[in-house]
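# Geometric and topological summary
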Amino acid sequence: MGEYAQIKAGIDAGRIGTLAVQRFSRAGSAPQTPWFFRESTGGGVIRDLMIHDIDQAVWFAGPVATVYAVQNPPTVDDRVPAPVTAHVVLTHRNGVISHLHASWVAPGMPFRTSVEVSGTEGRLRYDSAEDHSLRTDAVLDAGATDYLPPMSPEESPYFAEISDFVAALREGREAKVGPDDGIEAVAVAEAAYTSIASGAPVALSAADRSAADADASADADADAEEASR
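The text that follows walks through the structure, step by step, so that each part is easy to find. (Residues numbered from 1 in each chain as written. Predicted model: local features only at pLDDT ≥ 70, side-chain atom pairs only at ≥ 80, totals over all residues. Heavy atoms only, no water.)

## With respect to the environment of Phe-60
Note that Phe-60 resides in helix H2 (residues 45-61). A relative accessible area of 5% places Phe-60 in the buried class. For the pair Phe-60 and Tyr-4, spaced 56 residues apart in sequence, the C-alpha separation works out to 9.3 Å. Apart from the residues within four sequence positions on either side, Phe-60 is in contact with Tyr-4, Ile-7, Lys-8, Ile-11, Leu-19, Gln-22, Phe-24, Val-115 and Val-117. (Helix = DSSP H or I, 4+ residues; strand = E, 2+ residues; numbered from the N terminus. Buried < 20%, exposed > 50% of the residue type's maximum accessible area, 1.4 Å probe, protein only. Contact = heavy atoms within 4.5 Å.)

## Describing the sheet that holds strand S7 (residues 202-203)
Through backbone hydrogen bonds, the strands of a sheet pair up, either in parallel or in antiparallel fashion. Across the sheet, 7 strands lie side by side as S6-S5-S1-S4-S3-S2-S7; this open sheet has mixed pairing. Unpaired on one side and paired on the other, strand S6 (122-127) and S7 mark the two borders of the sheet. Pairing of strand S1 (residues 19-29) with strand S4 (residues 97-105) involves 9 bridges; the strand directions are parallel. Within the sheet, the bridge partner assigned to Ser-25 lies in S4 and is His-101. Seen against the sheet, helix H1 (residues 2-12) touches S1, strand S5 (112-119) and S6 and runs at an angle of roughly 175° to S6. The strands touched by H2 are S1, strand S2 (64-72), strand S3 (84-92), S4 and S5; relative to S1, the strand with the most contacts, the crossing angle is about 155°. (Pairing = 2+ DSSP bridges. Axes fitted to C-alpha atoms, helices over the stretch in contact; angles between N-to-C directions.)

## Digging into H2
For H2, with 17 residues, the first-to-last C-alpha span of 23 Å sits near the 24 Å given by 1.5 Å per residue. Of all the bends in H2, the greatest measures close to 55° and is centred on Ile-51. Here H2 lies mainly inside the structure; 14 of its 17 residues are buried. Of the residues flanking the end of H2, it is Gly-62, one or two places downstream, whose phi is positive at about 95°. (Expected span 1.5 Å × (residues − 1). Bend = angle between axes of the 7 residues up to and from the residue.)

## Remarks on helix H3 (residues 157-171)
The end-to-end C-alpha distance of H3, which contains 15 residues, comes to 21 Å, matching closely the 21 Å that a straight helix rising 1.5 Å per residue would cover. The complete set of buried residues in H3 reads Asp-164, Ala-167 and Ala-168. End-on view of H3: buried residues confined to an arc of 105°, all on one side of the axis. Of the exposed residues in H3, those oriented more than 90 degrees away from the buried face are Phe-159, Ile-162, Leu-169 and Arg-170. Two residues or fewer past H3, Gly-172 is found with a positive phi of approximately 70°. (Arc of directions from axis to C-beta.)

Structure below.
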């Protein structure tokens, strides 16, 4: 999203001094496809919704050292409840702390995302609910099926991602978002589920990232199988 890219540019330019704390929040209607509610098939609010903010947190502050997570209500017998909320605290290797909140809320409720980054000399923030270009706070029609969040007035992030990938293929260069970025985000998400199960912080290692690579491949296979049914 363009607003997040602007915050990243501000961090890199030193506008807030040394980065210290990050806060991310994301909430939207729970999905309707059954596999999203089974953690054994790659579902869950952290893997589905929060993982986008995990990706941003790592982009802003670098690799993660430890992960602590809680979820309420808890998953029981592999069934993820809805509504549901998860909170994750990341300690990055450079000492930055990230707080991430994600909620699947009641069907039809509008999607909302926000971010705030604080440093030694200031802060930068964005909240989609404060975007006054056009905003309607209303429950969607019962028959509405659009699962994607509303578009930002900035360039579509979906278009930007795809166009950069196509350009990278044509130009023989690396894309802005590469496989390592996805692997890191999955490793953090999997560590969050481990933390929820154990009730304790989880330290990330190179082995965790390798396992996340394998888990991502397995989840992709499961998604493809579910879609073919």
